[in-house]
Amino acid sequence: MANSTLSEPAMSSASMTGVPSTGLVPRRSFGGDLLIRVRQNIGLATAIGLFCVVYIFYHLAHPKGFSSAVFVQNADEVFTLAMVAMAQTLPVLAAGLDLSVGALMTMVGCIASYLLSGAATPIEFTFGGTHHVLAVLPGGGVGIAIGVVVCLLAGTLAGFLNGCVVVFGRIQPIIATLATGAIYIGIALFLRPTPGGKIDDDLNWALTNSLQDLASTVHIFDDGNASWFAPFAPIPVPFILIVLIALLVWVPFRRSVTGRSVYAIGSAEGAAYMSGLHIDRAKLAAFTLAGFFAGCGGLFLAIQTSSGNADIPQAGTYTLNSIAAVVIGGTSLLGGTGSAIGSIFGALILRVISFFFRIFDIAPLLQPLFEGIILLAAVSIGALRVLRVKNTLELFR
Amino acid sequence: MTAASLNLSLSRDARPILISASFIVVILVAGTFYTLSRLGTAPLLSPTYLLQQLQIGSFLGIVAAGMMIVILISQIDLSVPWTLTAAAMMATAVGGAWALPVGLGVGLLVGLVNGVGVAYLRIPSMIFTLGVNAVMRGLMVAHTGGFAPQTAATDLMRFLAADHSFGIPNALFVWLAVSVLVALILRRMALGRYIYAIGNKEAAAYLAGVNTRGVIVISFVLCGLAAGLAGVLLAGYSTKAYQGMGDAYLLPSIAAVVIGGTNILGGRGRYLGTLVGVILIVLLNSVLSIMEMPEAGRQVIYGAVIILMLLVYGRGERVTS
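Participant: What is the right way to read the overall build of chain B from this model?
Facilitator: Assigned secondary structure in chain B consists of 14 helices and two strands. What you see for chain B is a C-alpha radius of gyration of 20 Å, in line with the 20 Å of a compact globule of 321 residues. Each principal axis of the C-alpha distribution contributes one length, and for chain B these read about 55 × 55 × 35 Å. Scored against the burial criterion, the 321 residues of chain B give a buried share of 55%. For chain B, the share of sequence-separated contacts (at least 6 apart) that also reach a separation of at least 24 residues comes to 77%. Charged side chains in chain B number 17 positive and 9 negative. The centres of these two groups are separated by 11 Å.

Next up, the structure:
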């Protein structure tokens, strides 16, 4: 009700000036418009606000606060969870759930530990006693580029398979991805029965440090010493990557018809179908893109740890944390509202909480308890809406 | 033609049970062929071996019985792993005559917290039970120091989980008792009707005068109790509690419930199906271990079986209005 009264003047001004409705309203009153936007994205706004408060507090309390080294370390630790949380967002928006994101991420990480060594690598396998060589991956930059593309393709393909099982198999997403997750973990275990593998040192160094180190590794901008480059030099590379992926992949998707269809499915699938939206296409796209995001996370985790590890508990933890990050980031598990940007902030909040344990002297044995209580408290914030409900029937979805 | 007419004559809920039961036979036959050709023996047909496998499976069966009730009200309980572990650790820590009540009490308490969070605070169970699981893990790490506790299971726990009566493992009797109880609740008691009603549409059940919040709390308490009991038994079977002992029970229990034909969205499914689903998973695991299948292959087969079974009878309907 409040929303419609606020937006009415803006709507009428648009129709009076005769501008075809493009969704953008000319001559908007900045303050009023901002208020509406904040209201519509209250979950996202809360997440951003909460993150800013805890992160600034963290830096103030940290002995080396506000230094590039701390930023770089934090960005490295947050990247994978942020990607997995973005991945989880898409199925959740479509009122589904993806329990395979952690497994998918682990599988891509294991693939990456073979392909990104930087040396010429034969792609070979032994089957039925005979030895086959499929191809030889060239060494150097070309090989790494091919390896990165193959890893991301593998993630995307796995996501597409999830989508196929859900859309064409018509199996509930939660149980379909539970099963495909087992398959992906199986493939990861097949590739890496024990942790191992090798990632090119330069690649590891360039992507997990500041822009300065990236520039000096690949020898651009006078090895990163160009005077104009100085203000950007201390920015962590993973941070740039998150921003790039969000801006180049998420934002265009969100604005596309397919992206809007995903939201529509989450709000009311029947209504979306009756409106002529391509339900199947949108669901497929949501799961495929989720696979891509989770693949990005797995790729980075492999590069960061310089190895591949088919760690089943770790995969499970990432899946569960991704759900928590999505909820903390303001996306409803019922679907239809929220955004992947919010999930990034949800992941940031989850990680900053664990950073706190390092600077405050909390007994290591109590850390999991505090993490659990904070997680429970964070997800319980949504319970406040129960107090505002006037009609009990509104409680039941 | 005959298959089609057979399907028509079966009720919708009986079909998954029949198909998964016949799949169990397929597993047994295929496994026996393998062992006969490779080893010249047929352990899968020996009652001793089957009883031993079912004894191990009874812990999963008890967890799945509780999980089924929660899934029937279209919720889920992700706190099972550490509820189970906490019950086992507390039971062994207390020891003596109070071990069993304390273990069950832990399960009851966690179930109560879950139920209140989901029913009264209206937080989606998917995320609330996840948080409770994290809290329980934190409590247990703080309690044990992150190591396996030095405490041992009591004689009663040993008796219930590891001993035999009349040549049959006692754990099977416990599983049977739990099964009878759950089947009675679901088939014969008003509570069971309410559970199905809430799973179909909570608003409708509420308007029909059902105390839906109370039923949800009771359902979570039952699930917590089942997890607690499984923890106590598992500690008895392995003589002690250890970190992460419940991790291997969450996903298989959900899979067993769903393979048994219970709709993951709630409101539909029979307990017999869950029983068959548990036996299927247990036998599949034992055949794979006889075949010395590496963990990688097991996971792939495990996932593929779930998808294939659901493709046969678990397909949802197209949403068209």
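There's more to say after this.
Participant: Looking at this model, I keep getting lost on the overall build of chain A. Mind explaining?
Facilitator: Across its full length, chain A holds 18 helices and two strands. Of all 397 residues assigned to chain A, the portion counted as buried reaches 48%. Contacts spanning at least 24 positions in sequence make up 71% of the contacts within chain A whose residues lie at least 6 apart. For chain A, the computed accessible surface area is about 18700 Å², with 67% contributed by carbon and sulfur atoms.

Participant: Looking at this structure, I do not really get helix α4 (residues 68–93) of chain A. What am I missing?
Facilitator: Count 3.6 residues to each turn of an α-helix, and residues three or four apart come out pointing the same way. Residues and elements named next belong to chain A. The terminal C-alpha atoms of α4 lie 35 Å apart, and with 26 residues this matches the ideal 38 Å at 1.5 Å per residue to within 8%. Judged by how many residues are buried, α4 sits mostly within the fold: 21 of 26 residues are covered. Ala95 occupies a position one or two residues after α4 and carries a positive phi of about 65 degrees.

Participant: Looking at this structure, how should I read the state of the cysteines?
Facilitator: Simply put, the disulfide is a covalent bond whose two ends are the sulfur atoms of two cysteines. Residue and element names in this part refer to chain A. Counting across every chain of the model gives zero disulfides over all chains. As a non-bridged cysteine, Cys164 has Cys296 as the owner of its nearest cysteine sulfur, 20 Å distant. Owing to a relative accessible area of 18%, Cys164 belongs among the buried residues under this scheme.

Participant: What exactly am I supposed to notice about the packing of aromatic side chains here?
Facilitator: Aromatic ring pairs are reported here in terms of the distance separating the ring centres and the angle at which the planes meet. All names here are of chain A. Tallying each qualifying case throughout the model produces twelve aromatic pairs over all chains. Pairing Phe51 with Tyr55 gives two aromatic rings, centres 5.1 Å apart and planes at 20 degrees, and the pair type is stacked. Residue Phe51 and its partner Tyr55 are both found in helix α3 (residues 42–61); the two are separated by four residues, about one turn of the helix. Here Phe51 falls in the buried class, since its relative accessible area comes to 12%. The structure contains a cluster of three or more aromatic residues connected by ring pairs, namely Phe51, Tyr55, Phe57, Tyr58, Phe71, Phe345, Phe355 and Phe356. If you follow Arg192 out to its NZ or CZ, it ends over the ring of Tyr114, 3.9 Å from the centre. Across the ring face of Tyr263, the terminal group of Arg254 is positioned such that the distance to the ring centre comes to 4.0 Å.

Participant: Please explain the packing of helix α11 (residues 237–255) of chain A against helix α14 (residues 279–305) of chain A as it appears in this structure.
Facilitator: Packed helix pairs are characterised by how far apart their axes lie and by the angle those axes make with each other. Residues and elements named next belong to chain A. At a minimum axis distance of 13 Å, the contact between α11 and α14 shows a crossing angle of 170 degrees. Taken as axis vectors, α11 and α14 run roughly antiparallel relative to one another. Where α11 abuts α14, its residues Pro238, Ile245, Val249, Trp250 and Phe253 lie against Ala285, Leu289, Phe292, Phe293, Cys296 and Phe300. When grouped by side-chain class, the residues that make up the contact of α11 with α14 number eleven nonpolar, no polar and no charged.

Participant: Help me out: how do you make sense of the pattern of salt bridges in this one?
Facilitator: A side chain of one charge can pair with a side chain of the opposite charge if their charged atoms are brought near each other. Residue and element names in this part refer to chain A. Counting across every chain of the model gives three salt bridges over all chains. Of the charged contacts, one joins Lys283 and Glu269 as a salt bridge, the two residues approaching to 3.0 Å between their closest N and O atoms. You can see Lys283 sitting in helix α14 and its partner Glu269 sitting in helix α13 (residues 269–274), a full 14 residues away along the chain.

Participant: I tried to follow the interface of chain A and chain B on my own but got confused; where do I start?
Facilitator: Interfaces are often described in size by the accessible area the parts lose on coming together. In this assembly, 48 residues from chain A lie in contact with 52 residues from chain B. In total, chain A and chain B occlude about 4300 Å² of area from one another, counting both sides; carbon and sulfur atoms represent 77% of this. On the surface where chain A and chain B come into contact, there are zero salt bridges. Scanning the region where chain A abuts chain B turns up zero residue pairs in polar contact (both at pLDDT 80 or more). Residue assignment for the side of chain A that touches chain B shows that the elements contributing at least two residues are α7 (173–191), α13, α15 (312–328), α17 (367–380) and α18 (385–388) of chain A. In terms of residue count, α7 of chain A provides more of the side of chain A that touches chain B than any other element does, 13 residues in total. Here the side of chain A that touches chain B is composed, by residue class, of 36 nonpolar, eight polar and four charged.

Definitions and limits used
Residues numbered from 1 in each chain as written. Chains lettered and ligands numbered in written order. Predicted model: local features only at pLDDT ≥ 70, side-chain atom pairs only at ≥ 80, totals over all residues. Heavy atoms only, no water. Helix = DSSP H or I, 4+ residues; strand = E, 2+ residues; numbered from the N terminus. Rg over C-alpha atoms; globule rule 2.2 N^0.38 Å. Buried < 20%, exposed > 50% of the residue type's maximum accessible area, 1.4 Å probe, protein only. Contact = heavy atoms within 4.5 Å. Lys, Arg positive; Asp, Glu negative; His and termini not counted. Charge placed at Lys NZ, Arg CZ, Asp CG, Glu CD. Areas by Shrake-Rupley, 256 points an atom, 1.4 Å probe, with all protein chains shown as cover. Expected span 1.5 Å × (residues − 1). Disulfide = S-S within 2.5 Å. Phe/Tyr/Trp six-rings, centres within 6.5 Å; stacked < 30°, edge-to-face > 60°. Lys NZ or Arg CZ within 6 Å of the ring centre and 35° of its normal. Axes fitted to C-alpha atoms, helices over the stretch in contact; angles between N-to-C directions. Parallel < 35°, antiparallel > 145°, perpendicular 65-115°, else oblique. Nonpolar A, V, L, I, M, F, W, Y, C, P; charged D, E, K, R; others polar. Salt bridge = Lys/Arg side-chain N within 4 Å of Asp/Glu carboxyl O. Buried area = accessible area lost by both parts, 1.4 Å probe. Polar contact = N/O pair within 3.5 Å; in protein donor to acceptor, adjacent residues only side chain to side chain.

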